[in-house]
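# Inside the fold
Below, each chain spelled out in residue letters.
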2 protein chains.
Amino acid sequence: HDGDYEGENVEPNDRKLLCEEWASYGVFYKYQPIDLVRKYFGEKIGLYFAWLGVYTQMLIPASIVGIIVFLYGCATVDENIPSMEMCDQRNNITMCPLCDRTCSYWKMSSACATARASHLFDNPATVFFSVFMALWAATFMEHWKRKQMRLNYRWDLTGFEEEEDHPRAEYEAKVLEKSLRKEHKHKETDKEKLTWKDRFPAYLTNFVGIIFMVSLTFAIVFGVIIYRISTAAALAISSTPSGRSSVRVTVTATAVIINLVVIIILDEVYGCIARWLTQIEVPKTDKNFEERLIFKAFLLKFVNAYTPIFYVAFFKGRFVGRPGDYVYIFHSFRMEECAPGGCLMELCIQLSIIMLGKQLIQNNLFEIGIPKMKKFIRYMKIKRRRSLDHEEHMKKKQRYEVDYNLEPFAGLTPEYMEMIIQFGFVTLFVASFPLAPLFALLNNIIEIRLDAKKFVTELRRPVAVRAKDIGIWYNILRGIGKLAVIINAFVISFTSDFIPRLVYLYMYSENGTMHGFVNHTLSSFNVSDFQAGTAPNDPMDLGYEVQICRYKDYREPPWSENKYDISKDFWAVLAARLAFVIVFQNLVMFMSEFVDWIIPDIPKDISQQIHKEKVLMVEVFMREEQGKLQMLETWKDKDKKKGENCNNHSPKLPRSHSGSLSSCHSYPLDI
Amino acid sequence: HDGDYEGENVEPNDRKLLCEEWASYGVFYKYQPIDLVRKYFGEKIGLYFAWLGVYTQMLIPASIVGIIVFLYGCATVDENIPSMEMCDQRNNITMCPLCDRTCSYWKMSSACATARASHLFDNPATVFFSVFMALWAATFMEHWKRKQMRLNYRWDLTGFEEEEDHPRAEYEAKVLEKSLRKEHKHKETDKEKLTWKDRFPAYLTNFVGIIFMVSLTFAIVFGVIIYRISTAAALAISSTPSGRSSVRVTVTATAVIINLVVIIILDEVYGCIARWLTQIEVPKTDKNFEERLIFKAFLLKFVNAYTPIFYVAFFKGRFVGRPGDYVYIFHSFRMEECAPGGCLMELCIQLSIIMLGKQLIQNNLFEIGIPKMKKFIRYMKIKRRRSLDHEEHMKKKQRYEVDYNLEPFAGLTPEYMEMIIQFGFVTLFVASFPLAPLFALLNNIIEIRLDAKKFVTELRRPVAVRAKDIGIWYNILRGIGKLAVIINAFVISFTSDFIPRLVYLYMYSENGTMHGFVNHTLSSFNVSDFQAGTAPNDPMDLGYEVQICRYKDYREPPWSENKYDISKDFWAVLAARLAFVIVFQNLVMFMSEFVDWIIPDIPKDISQQIHKEKVLMVEVFMREEQGKLQMLETWKDKDKKKGENCNNHSPKLPRSHSGSLSSCHSYPLDI
C-alpha cells in the first residue's frame with residue numbers, strides 16, 4: 001500500500017482518499033469512486049466493485065416492488081375467503097392426525113394463524129412478482145453488459161484481449177516428467193502435452209469426488225429430516241397437550257438451524273475440496289485453473305445451499321400417502337407432512353432463516369472476525385520478535401513492513417461466490433418470499449463498504465490484474481436467471497395454492513366466489529379404516545367421538561365404490577398446474593428474450609465514439625506517413641543540390657518523429 | 001459480366017470457369033468454389049452460397065437418420081398391436097358417424113389402412129428423431145458460426161465492420177421537407193431528424209396492415225375449412241355408398257391443393273406489400289430498410305405458410321364435442337373430425353404436399369420459368385428494334401450490351417426467405433414427418449446449382465457488396481430453432497398417440513402389453529341419445545341394429561350416473577401430455593445450450609492465427625518506425641558533416657518507404 005490511511009497528519013494519498021470516500025459506512029448512499037478503485041487496485045477488482053454496485057443499485061426497485069407485494073398481502077389478508085373459512089369456529093372441521101398414535105385429531109381452526117400468515121406470500125401478487133423478477137434478472141444482465149462496455153471504454157480496454165497466459169508450473173512439471181518417462185522408453189520426444197489419457201485418473205477422481213460430495217449433502221439433509229420426524233414424535237409423547245402445539249415450531253426451528261450450521265461448515269469444506277480437486281486436475285493455464293475451480297466450487301456450494309430448500313419446496317408433504325395407508329421410511333418413521341397452513345409457509349421460514357443466517361454469519365464471522373483475528377495474531381508475533389531485537393525498534397518502520405502484518409489477498413472468488421449464491425436466493429424462490437430482494441439490498445449496502453474496508457485496511461495490496469469482464473461469473477448468473485424461471489413456475493403452481501384456487505373458482509364454485517374452497521380441498525377418511533397401531537391413542541382428545549376426519553388431498557370419499565382412490569379433481573388440478581408451468585415458462589422466457597433484444601449490448605454513444613476514434617486514428621496515421629514521405633523527399637532534393645542549408649531542417653525531424661512514434665505506440669492498444 | 005460463358009472458342013474467364021465448375025448439375029457432388037464465387041460476385045453473395053452449402057451438407061446426416069426412423073416405422077408396422085387390433089375383423093367395433101345424417105355408422109376395421117400408415121410416423125422413433133433434430137439445429141448454427149469465422153478470416157474481413165452507410169434519398173427528402181415546413185413556421189432549423197412523432201402514421205399503417213394480412217390468412221384458411229366441411233357433406237349425399245369412402249380423400253386433396261395455391265399466390269402478394277409498408281416507413285439507412293423489410297416479409301410468409309399446418313396439428317378434431325352434442329359453426333356445419341387413423345396422418349399429408357408443392361412450383365416456375373420468359377421478351381424487343389436500324393446490326397455487340405438483355409439483380413432476400421421457410425419445414429414439424437430433411441436435401445442439391453446458373457447466366461452481374469455475416473437471417477434461424485423445440489413437444493404429446501399409449505401401458509394395461517389400448521381410447525355412446533336430426537339416415541347401413549356406438553374420446557359411459565362427462569382418464573392423459581411437454585422442452589433446451597457451449601464459436605486455429613498476426617503486425621510496424629528513425633538520424637549526421645556522399649544514400653529511401661507505407665495501408669484492414 002502507498003501511505004497510511006488514518007490520522008490527520010499523514011499526507012493525502014489514494015489509500016487515504018479511498019478509505020474516506022469509499023470504505024466507510026458514512027457514504028453508503030453515494031456511488032463508489034470506481035475509477036479511483038481501478039487506479040489503485042487494478043481493473044479486475046474495479047470490475048468486481050462496479051458489478052457489485054450495479055447489482056445493489058438494481059436491487060432497489062426489486063425490493064420496493066417486493067415490499068409493495070408484501071403489503072398487498074397484508075392488506076388483503078382479511079378479505080381472503082379461504083383463510084377466513086379456516087379461521088371461523090362455526091364450521092370446525094376435524095382433521096386427521098398428522099403423525100401416528102401420539103398425534104390426535106385436531107381442529108381446522110387451530111391452523112388459522114398459519115393460514116393467515118401464508119396468505120402474505122401466497123396471493124396473486126406473488127405471481128406477478130415472480131414474472132417481474134424474471135424480467136428484472138434479464139434487465140440486470142443487459143444493464144451490466146452495457147455498464148461493462150462503458151467501463152471498458154473509459155478504462156481503455158476496448159481493444160485489449162487477454163494474451164494467452166503461460167502454462168502453470170505444475171503443468172510444466174507434469175509434462176516434463178511425462179516426456180522423461182517417454183525418453184526412458186527410448187521414444188523420440190517432440191512437443192509434449194497432457195493428453196486425455198494422462199488426465200483420465202484426475203477426471204475420474206473429480207467426478208467421483210463431486211458425486212460423493214453431492215450425495216453427502218443429500219445424506220445430511222435426509223438425516224435432518226429423520227431428526228425432525230423422530231424428535232417430533234418424541235417431544236409429542238413427552239409434552240403436555242398444551243405444549244404439543246409448540247412442538248412443531250421448536251422442531252422446525254432447531255432443524256433449520258442445524259441445516260444452517262451444516263451449510264456454513266460444508267461451504268468452507270467444499271471450498272478446500274474444490275481447490276484440491278482442481279489441483280490434481282493440473283489445468284494448463286491460470287485462467288483455466290480459476291474457471292475450473294469456480295465451476296466446481298459453485299456446483300458444490302449451490303447444491304449445499306439449496307438442497308434443503310428444494311426439499312421443502314417440492315418434496316415435503318407430497319409423498320405421505322393417505323390416512324390408513326401412510327408411507328413409512330425404515331418401516332418406523334412416517335413421512336412428515338407440511339404444517340396445516342401449507343408448505344409455502346415452511347418454505348418461507350426456511351428461506352429467510354438460511355438466507356439471513358448465512359449472510360449475517362458469513363459477513364460478521366468470516367469477513368470481519370477472522371481477518372481481524374489473524375491480523376492480531378500476526379501482529380503479536382511480530383511484537384514478540386521485535387521485543388527481542390531493540391535496535392530495529394528504533395528506526396521508523398517502512399510502509400511495506402507495516403503492511404506485511406496484513407492478510408494476503410486470496411482472490412475475488414469468495415466474494416463473487418457469496419454474491420452469486422445470494423443472487424440465487426433473490427431470484428430462484430422469489431415467488432415464495434418477496435422480501436428476499438430487500439434483505440439482499442440491506443446486506444449489500446453493508447457488504448460493499450465491508451469489502452472496501454477489507455481491501456483498504458485488512459488485506460495486503462493485491463497485484464493489479466487487467467480484466468475485460470467478470471468472466472465465467474457472467475455465464476453462471478445467466479444460468480441462474482434461466483433456472484429461476486422454471487423453478488418459480490413450479491413453486492407457484494405446485495407449492496402454492498394458486499392453481500387449486502383458480503380451478504375451484506372456474507370449475508366448481510357455483511356462485512363464482514371462493515366460498516367452500518377449503519372444504520373442496522379436503523378429503524374425508526373413515527376412522528374405522530385406520531391400520532392397527534396407527535390410530536391416535538386418545539381419540540377423545542377433542543372431547544367427542546370422531547367417525548370421519550378430513551385430510552388435505554383429492555381422493556374419493558369412503559362411501560364411493562373405489563374409496564380413497566385418487567379422484568378426478570386431482571388429475572384436473574394436476575393438469576392445470578402443468579399447463580400453468582408451460583404457459584408461465586414460455587411466456588417469461590419470451591419476454592426475457594425480448595428485453596434482451598431491445599436493449600443493445602453496447603451503448604450507442606460508446607459504439608459511435610469507438611468507431612470515430614478508429615477512423616480518426618487511421619487518418620492521423622496516414623497524415624503522419626505522408627508528412628514523413630514529403631519530408632524525406634525534400635531531404636533528397638536538398639541533397640541533390642548539396643546545399644549547406646541541409647542541417648537547418650534537422651530541428652523539425654525529432655518533433656515529427658516523436659509524433660509518429662507516439663501514434664504507433666498508442667496503436668497496439670487500439671487494435 | 002466479363003466474357004462469354006458458352007462455346008469452345010471463347011478465351012477462359014472467371015464466368016466460364018464458374019459456369020463449368022459451379023453452375024452445372026454435373027458437379028452437384030463437389031464442394032462449391034466459394035472463393036471464386038466471392039471473387040466474382042463479392043462477399044455477400046459468396047456468404048449466401050457458403051451458407052447454403054453448409055446447410056445442404058448438414059442436411060445429409062439429418063436425412064439419413066430420418067430415413068432410418070422411417071424404415072424403423074415400416075419394419076415395426078406389423079408388430080404394432082394397436083393397428084393390428086384395429087385391423088382384425090374379429091372385434092369389429094361399430095363407430096359413431098363422423099358427420100350428421102348423411103354419414104352412417106362405420107366399422108373400426110375400415111380405418112385399418114390409415115392406422116397402419118400413421119404408425120409409420122407415430123412411433124417411439126419419431127420422439128428420438130425430434131430430439132435429434134433439435135440438437136441438429138443447434139449444431140448447425142454453431143457449425144455455421146465457425147464456417148463464417150473461417151471465411152471472414154480467409155477473405156480478410158476479421159477487422160472489417162460496416163461503416164454506417166449514408167441515409168437513403170427518400171429519408172433525406174422527408175427530412176428536408178420537414179425542415180422546410182418548420183422554416184415556413186419561422187422556427188430555427190438545426191440538425192433535423194425524423195422523430196417518433198413523424199413516424200407514427202407510418203408505424204400505425206404498418207401495424208394495421210400486418211394485422212390485416214395475418215387475419216386475411218386466417219380467414220382464407222377458415223374458408224378452406226368451411227369448403228372442406230360443406231363439400232364433404234354434399235359429396236356424401238350425392239355419392240353412392242361405394243364412392244363414399246373416397247369422399248374424404250378427394251376433399252382433403254382438393255382442400256390441400258387450394259391451400260397450396262393460395263399460399264403461393266399470397267407469398268408473392270405479401271412480398272410486395274411488405275416492401276410497400278417498409279417504403280412508407282422511410283427507414284434511415286439501406287441496412288435498416290433491408291432488415292425491416294425482411295422482418296415483415298418473414299412474418300407474413302411464415303404465417304401464410306404455416307397456418308393451415310398449425311390448424312391440422314393442434315385444432316382439427318379437438319373441439320368437435322361428442323355424439324349427441326356436437327359443436328356447430330354457423331349452426332349448420334359440424335366441426336370436422338380427423339380421419340379414423342388420427343390427425344397425425346393428415347398433418348403428414350398436409351406437410352408433404354405443401355412442402356413439396358411449394359418447392360417444386362417455386363423452383364420451376366418462379367426461378368426458371370419467369371426469368372427465362374422475361375429474358376426472351378426482352379430479347380425479342382431488342383430484335384425488333386434492331387431490325388429497324390441495320391447499320392448497328394453490323395458491328396459486333398459489346399459484352400455489356402449482350403448482358404443488358406439479362407434480368408436485373410433483385411437482391412438475395414427471396415433466396416434466403418425460401419431457404420428459411422424450408423428450414424422451418426425441416427425443424428418445426430419434423431416429429432410428424434421424418435422425411436422432410438430428405439426432401440429438403442434433394443431440393444437444395446438442385447437449388448444450389450439452379451441459383452448458381454441464375455446468377456451466372458440469367459442475371460446481370462450484381463454489384464459486389466461486402467458483408468461480414470448473413471445478418472438478421474441468423475437471428476431468424478435461431479428463433480425458428482427455439483420455436484421448433486416447443487412445437488415438436490406439442491406435436492408429440494398432443495397430435496400423436498405416444499402419450500396415451502404410455503399412460504395405458506403403465507396405468508391400465510393389466511398384462512403390460514398394448515392389448516386393449518384401442519378399446520380403452522374409445523368411449524361408448526347410446527344411439528337413443530342422438531339429438532333430433534343428427535342421427536344417421538340409414539341406421540341399418542351396416543346390416544344390423546346399432547344400440548351402442550363408439551367414439552374416440554375419454555368420457556363417462558352412458559350407464560354411469562353423470563353420463564358423457566369428461567372422465568378421469570381424460571385428465572390423467574392430459575396431465576401426462578403436459579408433463580411430457582415440460583420435460584421434453586427443458587431437456588432439449590438444456591442439451592442445445594450444452595451443444596452451444598461445448599462448440600467454440602471461433603475455431604481454435606483461426607483465433608490463434610489472428611492473434612499471431614496481430615502481434616506480428618505490431619512488431620513489423622515498430623521495426624519500420626525504428627528503421628526510419630535510425631535512417632533519419634544517419635541523415636542528420638550526414639548533414640552535420642556536409643559530406644557529398646549525401647545522395648548515394650537516396651536509393652535506399654524509397655524502398656524502406658514503400659515498405660512503411662504498405663504496412664500502414666494494410667493496417668486499416670487489420671484494425
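Now for a look at the structure at hand. (Residues numbered from 1 in each chain as written. Chains lettered and ligands numbered in written order. Predicted model: local features only at pLDDT ≥ 70, side-chain atom pairs only at ≥ 80, totals over all residues. Heavy atoms only, no water.)

### Regarding the overall build of chain A
Here is the rule: Put simply, DSSP H or I for four residues or longer makes a helix, DSSP E for two residues or longer makes a strand, and each gets a number counted from the N terminus. Only protein chains enter the accessibility calculation, which uses a 1.4 Å probe; a residue is then buried when its area is under 20% of its type maximum, exposed when over 50%, and partly exposed in between. We call two residues in contact whenever any of their non-hydrogen atoms come within 4.5 Å of each other.
Helix and strand content of chain A: 21 helices and eight strands. Looking at chain A residue by residue over its 671 residues, the buried ones come to 51%. In chain A, the proportion of contacts linking residues at least 24 apart, taken out of those at least 6 apart, comes to 78%.

### A look at the packing of aromatic side chains
Residues and elements named next belong to chain B. Where we set the bar: Geometry of aromatic contacts follows a simple scheme: Phe, Tyr and Trp rings, the Trp one being its six-membered ring, pair when their centres are within 6.5 Å, and the pair is stacked under 30 degrees between planes, edge-to-face over 60, tilted otherwise.
Following the criterion strictly, the structure yields 65 aromatic pairs over all chains and no others. Relative to Tyr416, the ring of Tyr48 lies with its centre 4.9 Å away and its plane at 75°, an arrangement referred to as edge-to-face. Residue Tyr48 is found in helix H3 (residues 43-76), and its partner Tyr416 is found in helix H14 (residues 413-427); the two are separated by 368 residues along the sequence. Tyr416 carries the same exposure label as Tyr48, and that label is buried. When the ring of Phe121 is compared with that of Phe433, the centres are 6.2 Å apart and the planes differ by 55°; the resulting orientation is tilted. Separated by 312 residues along the polypeptide, Phe121 in helix H5 (residues 112-121) and Phe433 in the loop between H14 and helix H15 (436-458) bring together distant segments of the chain. Assessed through its relative accessible area of 4%, Phe433 is described here as buried.

### Re the nonpolar core
Applicable threshold: For our purposes a nonpolar core is just a set of buried Ala, Val, Leu, Ile, Met, Phe, Trp, Tyr and Cys residues, chained together by side-chain atoms within 4.5 Å.
If you look at the biggest cluster of nonpolar residues, it comprises 240 residues, and the most contacted ones within it are Phe429(A), Tyr55(B) and Phe429(B). If near-sequence neighbours (up to four positions away) are discounted, Phe429(B) is found in contact with Tyr306(B), Ile309(B), Phe310(B), Ala313(B), Phe314(B), Leu347(B), Leu351(B), Gly424(B), Ile487(B), Asn488(B) and Val491(B). Counting residues in hydrophobic clusters, the runner-up holds 10 residues, among them Tyr326(A), Val527(A), Phe530(A) and Tyr564(A).

### Points about a nonpolar patch on the surface
Quick note on the threshold: Patches here: salt-bridge-free residues with over 30% relative accessible area, like charges joined within 9 Å, nonpolar side chains (Val, Leu, Ile, Met, Phe, Trp, Tyr) joined within 5 Å. All accessible-area figures derive from a Shrake-Rupley calculation using a 1.4 Å probe, and residue coverage is judged against the displayed protein chains alone. When a carboxyl oxygen of Asp or Glu is within 4 Å of a side-chain nitrogen of Lys or Arg, the pair counts as a salt bridge.
Taken together, the side chains of Phe200(A), Leu204(A), Phe207(A), Val208(A) and Ile211(A) present a nonpolar region at the surface, about 480 Å² in accessible area. Structurally, Ile211(A) is set in helix H8 (residues 196-238).

### Digging into helix H6 (residues 124-154) of chain B
Heads up, the condition is: By definition here, a helix of n residues has an expected span of 1.5 Å times n minus one.
Taking 1.5 Å of rise per residue, 31 residues should cover 45 Å, and H6(B) covers 45 Å from first to last C-alpha, within 8% of that figure. Asp156(B) sits one or two positions beyond H6(B) and adopts a positive phi of about 65°.

### Quick look at the side chain of Ser509(A)
To keep things clear, this is the line we draw: Here a polar contact is recorded for every N or O atom pair within 3.5 Å, except that within protein the pair must consist of a potential hydrogen donor and a potential acceptor, and residues adjacent in sequence are included only if both atoms are side-chain atoms.
Position of Ser509(A) relative to the elements: it lies in the loop between helix H17 (498-508) and helix H18 (517-521). Within the structure, Ser509(A) has its side chain in polar contact with the backbone oxygen of Thr513(A) (distance 2.6 Å).

### Points about the state of the cysteines
Defined simply, a disulfide is a covalent bond joining two cysteines at their sulfur atoms. Residues and elements named next belong to chain A. Stated precisely, the cut-off is as follows: Disulfides are defined as cysteine sulfur pairs within 2.5 Å.
Here the structure, examined in full by the defined rule, presents two disulfides over all chains. Note that Cys96 is cross-linked by a disulfide to Cys549, the S-S spacing being 1.9 Å. Linking Cys96 and Cys549, the disulfide has an S-S dihedral of approximately 90° and is accordingly described as right-handed. Of this pair, Cys96 sits in the loop between strand S1 (94-95) and strand S2 (106-107) while Cys549 sits in strand S8 (residues 548-552), and the two are 453 residues apart along the sequence. On the basis of relative accessible area, Cys96 is assigned to the buried category, the value being 4%. Counting only cysteine sulfurs, Cys74 is the nearest neighbor of Cys348, a cysteine outside any disulfide, at a range of 11 Å. Relative accessible area serves as the criterion here: at 4%, Cys348 is assigned to the buried category.

### Things to note about a positive patch on the surface
This is how it is decided: Neither His nor the chain ends contribute to the count of charged residues, in which Lys and Arg are positive and Asp and Glu negative. To locate a charge, the coordinates of NZ of Lys, CZ of Arg, CG of Asp or CD of Glu are taken.
Taken together, the side chains of Arg478(A), Lys482(A), Arg478(B) and Lys482(B) present a region of like positive charge at the surface. When residues of the positive patch are traced back to their parent elements, those giving at least two are helix H16 (472-495) of chain A together with helix H16 (472-495) of chain B. As for its position among the elements, Lys482(B) is in helix H16. Lys482(B) sits in the partly exposed class, given a relative accessible area of 40%.

### Regarding the pattern of salt bridges
All names here are of chain A. Tallied over the full model, the rule gives 18 salt bridges over all chains. The salt bridge partner of Glu142 is Lys145, with a shortest N-O separation of 2.9 Å. In this pair, Glu142 and Lys145 both sit in helix H6 (residues 124-154), three residues apart, roughly one turn of the helix. Measuring nitrogen to oxygen at the nearest pair gives 3.6 Å for the salt bridge that ties Lys552 to Asp497. Of the two residues, Lys552 is situated in strand S8 and Asp497 in the loop between H16 and H17; the sequence distance between them amounts to 55 residues. What you see here is one network of salt bridges that share partners, running through Glu142, Lys145 and Asp596.

### Considerations on the packing of H16(A) against helix H19 (residues 568-598) of chain A
All names here are of chain A. To keep it simple, the criterion reads: In this analysis an axis means a line fitted to C-alpha atoms, helices contributing only their contacting stretch, and an angle means the value between N-to-C directions, from 0 to 180 degrees. Any angle from 65 to 115 degrees is called roughly perpendicular, while one under 35 is roughly parallel, one over 145 is roughly antiparallel, and all others are oblique. Handedness of a crossing is defined here by the sense of rotation of the near helix relative to the far one, left-handed for an anticlockwise turn of less than a right angle and right-handed for a clockwise turn. When residues are sorted by character, Ala, Val, Leu, Ile, Met, Phe, Trp, Tyr, Cys and Pro go into the nonpolar class, Asp, Glu, Lys and Arg into the charged class, and all the rest, Gly among them, into the polar class.
One way to put it is that H16 packs onto H19 with a least axis distance of 9 Å and a crossing angle of 150°. By the angle between their axes, H16 is roughly antiparallel relative to H19. The two elements H16 and H19 meet at a crossing, and its hand is right-handed. Between H16 and H19, the contacting residues are Val485, Ile486, Asn488, Ala489, Phe490, Ile492, Ser493 and Phe494 on the first element and Leu574, Arg577, Leu578, Phe580, Val581, Phe584, Gln585, Val588 and Met589 on the second. Taken together, the residues of the contact of H16 with H19 sort by class into 13 nonpolar, three polar and one charged.

None of the figures reported here should be taken as evidence of function without further support.
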